Amino acid sequence: MSANVLVVGGAGFIGSALVRELATSHEVRVLDDLSTGKAANVEGVANVDLVVGSLLDRALVAETFKGIDVVFHLACLGVRHSIHSPERNHEVNATGTLQLLEAARAAGVSRFVYTSTSEVYGTATSVPMPETHPTLPHTVYGGSKLAGEAYVRAYHCTYGMPTVVLRPFNAYGPRSHHEGDSGEVIPKFILRAMNGLPPLMFGDGAQTRDFTYVEDTARGIAAAAVAPAAIGATINLGSGLETPISELADLVLESTGRTDVRPEHRPPRPGDILRLLADSRLAADLLGWRPTIDLGTGIGKLLAWHREQGTDWRVLLDEDRERNWEKPTS
Ligand SMILES: NC(=O)c1ccc[n+]([C@@H]2O[C@H](COP(=O)([O-])OP(=O)(O)OC[C@H]3O[C@@H](n4cnc5c(N)ncnc54)[C@H](O)[C@@H]3O)[C@@H](O)[C@H]2O)c1
């Protein structure tokens, strides 16, 4: 890819991994309002220019698109946010995507890569789940991401925009979120284990997820900008391995050396998805993509990254919220 590249949401967890992947060979502009991302996630990465502002700010977006050929759109407000603030979630995820597409059309971009999510499927009706699996999201987040997909497809079909839709399954790795309503299961389990506290499972722990290490996910997203056959396609990015949350808890406790601690159960979360398992054969065919890092290795790499950072687990625990789908009180 010899292009000027924009990553919207590039200061977030997956976005900052993608920025690192792209910045080895490109000048990368990032647009991010830092609502859940951090400037520190991209600070010190060569060839990166961070523009702080919202994708809903039309004047700023038009300015930021100047000279851009390829757009990666990863900005979003997340699944737990959608439970306490559904309208705002829709505004950023669905309306925001439509506004970005309009800006991309005006700028005449050569590729628009939209990062959707496996949450658009709802719970699996059969496994593994190919891209043709029914899309019956459980949450406003899943619905708003699906609306975003529909707009991306519309810009391809109506205006001939070269677009790609990706559906990553659960990602984990460096810079993943443990905090507030962004907190994800792996960083939350690790945070509690490192503080000698039991991982908390909502429901019976039999729910399954398909976990992918973030560097694998980012490589798949980057590949979507250059693969000619990907244009107009919708593509899963998942490991093809199904892990029950109860097994994940045991793996985290083993990896952190806290087998003295046992997981605890809490009542189920609203809208929780029971089963997810990707069929990623299309990603292999169209992008030449295969995940390379298995879950045990990935958790080990994440713990090693934290050691290098000198993470203070006690301090991070203050940012953990148990019922993180409820509106924050402060
Ligand atoms: N984390 C996962 O497991 C996962 C799985 C599947 C799909 N995804 C998708 O990947 C993308 C990135 O997710 P993530 O986990 O890195 O989340 P994240 O919260 O770390 O990243 C989202 C980024 O968007 C930014 N943002 C939010 N609202 C904005 C606005 N109005 N204007 C500009 N920037 C804004 C945030 O500050 C943040 O940096 C999302 O589109 C998400 O739907 C994530």
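Residues numbered from 1 in each chain as written. Predicted model: local features only at pLDDT ≥ 70, side-chain atom pairs only at ≥ 80, totals over all residues.

(A) Spatial organisation of the environment of H138. Along the polypeptide, H138 turns up in the loop between β5 (111–115) and α5 (140–159). A C-alpha to C-alpha distance of 27 Å links H138 and E319, two positions 181 residues apart in sequence. If near-sequence neighbours (up to four positions away) are discounted, H138 is found in contact with G122, G271 and I273. (Helix = DSSP H or I, 4+ residues; strand = E, 2+ residues; numbered from the N terminus. Contact = placed C-beta atoms within 7 Å.)

(B) Expanded view of the domain arrangement of the chain. Parsing the chain into structural domains produces domain 1 (5–171 + 211–237) and domain 2 (176–210 + 242–275 + 294–317). When each unit is reduced to the centre of its C-alpha atoms, the spacing between domain 1 and domain 2 is 25 Å. Counting residues at the interface gives 16 residues for domain 1 and 15 residues for domain 2. Ranked by residues supplied to the side of domain 1 that touches domain 2, first place goes to helix α3 (residues 79–84) with 3 residues. (Domains from an automatic or database assignment.)

(C) Spatial organisation of the sheet that holds strand β4 (residues 70–73). Spatially, 7 strands are ordered β3-β2-β1-β4-β5-β6-β11 in an open sheet, and the strand pairing comes out parallel. Looking at strand neighbours, the two that pair on one side only are β3 (48–52) and β11 (234–237), the edges of this open sheet. Across the sheet, the axes of successive neighbouring strands diverge by a mean angle of 20 degrees, strand direction being ignored. Here strand β1 (residues 5–8) runs beside β4; their pairing, made up of 4 bridges, is parallel. Following the sheet pairing, V7 is matched in β4 by F72. (Pairing = 2+ DSSP bridges. Axes fitted to C-alpha atoms, helices over the stretch in contact; angles between N-to-C directions.)

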